[in-house]
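Fold and geometry: a report
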Amino acid sequence: MAEFWAGVRDNFYQSFVAADRWKRYLDGLRVSFIVTLGALAIGIILGILVAVVRTMHDQQKIGKVSGGLTVLNIICEVYTTVIRGTPMMVQLLIMGFVIFAASRNLVGVAILALGINSGAYVSEIIRSGIMSIDPGQMEAGRSLGMGYTTVMKDIIIPQAVKNILPALGNELITLFKDTSLVTVIGLTDLTKVARQIQAKTYQAFMPFIGIAIMYLVVVMILTWLLGILERRMRKSDRR
């Protein structure tokens, strides 16, 4: 038993303490956060645009169909179908080694790839939130002389955000975990750091168990923060 714990201590020392390797884990975690937040921002922007286009198309009156809106809707449907129907890793490989093969900005490539992927899922989340709002509110706003965009921006979307917050929170957590895939394009994130240290120490247990714990702790913190935000929003509803 003593030999086992001595081995664990030595493994821990080699994986985290020797040569200040713990700093490399922090650098990798920082990269993972940057990619997550950047991808989430792109995903939300794309998601809102796609959701609004598809909602506007679905709410057109019979006989008043816009040709331009129909084309945009087809593009949005193709986008969501292709992105949701192909693996994230394959999309990263295409972005990293085909579309941006000459780029050295791996962080930017990773953010763009994950953001485009996230946008397809966020669009469906937002669209479901918009559809959950009583259609009478749109009609009331239009009857008061407000434009479609104004009603969506000032009335519909703020209410929809409250309904979709849990799903958006899950998307944030999923994005953070999916950053572990960016190693396939050579980006030094948290998972890449663990693989590099494992290659130097020839000890896989401590680096990989260590980053698993790091991912778990971050996810638990994000879940806790999202829970606080949801409770505050529910309190504002009661007021």
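This text follows the structure it describes.
Predicted model only: the values in this text are computed from it and were never measured.

**Side note on the environment of aspartate 10**
With respect to the secondary-structure elements, aspartate 10 resides in helix 1 (residues 2-17). A residue is classified by how much of its surface remains accessible, and aspartate 10, at 38% relative accessible area, is partly exposed. Residues aspartate 10 and lysine 162, spaced 152 residues apart in sequence, show a C-alpha to C-alpha distance of 49 Å.

**Thoughts on the pattern of salt bridges**
One pass over the structure, following the stated rule, counts 4 salt bridges. For glutamate 124, the salt bridge goes to arginine 54, with nearest N and O atoms at 2.9 Å. Of this pair, glutamate 124 sits in helix 5 (residues 106-131) while arginine 54 sits in helix 2 (residues 21-58), and the two are 70 residues apart along the sequence. Taken as a pair, glutamate 124 and arginine 54 share a single burial class, namely buried. Across the salt bridge formed by glutamate 124 and arginine 127, the nearest N and O atoms sit 3.4 Å from each other. Of this pair, glutamate 124 and arginine 127 both sit in helix 5, 3 residues apart, which is roughly one turn of that helix. For the pair glutamate 124 and arginine 127, a shared accessibility class is recorded, and that class is buried. A network of salt bridges, in which partner residues are shared, links Arg54, Glu77, Glu124 and Arg127.

**Quick word on helix 5**
Between the first and last C-alpha of helix 5 there are 37 Å, a value that for 26 residues agrees with the 38 Å anticipated at 1.5 Å per step. The largest bend along helix 5 measures about 25 degrees and falls at glycine 119.

**Remarks on the packing of aromatic side chains**
Scanning all chains against the criterion turns up 4 aromatic pairs. Taken together through their ring pairs, the aromatic side chains of Phe12, Phe16 and Tyr25 make up a single cluster.

Each value, and the rule that gives it
Residues numbered from 1 in each chain as written. Predicted model: local features only at pLDDT ≥ 70, side-chain atom pairs only at ≥ 80, totals over all residues. Heavy atoms only, no water. Helix = DSSP H or I, 4+ residues; strand = E, 2+ residues; numbered from the N terminus. Buried < 20%, exposed > 50% of the residue type's maximum accessible area, 1.4 Å probe, protein only. Salt bridge = Lys/Arg side-chain N within 4 Å of Asp/Glu carboxyl O. Expected span 1.5 Å × (residues − 1). Bend = angle between axes of the 7 residues up to and from the residue. Phe/Tyr/Trp six-rings, centres within 6.5 Å; stacked < 30°, edge-to-face > 60°.

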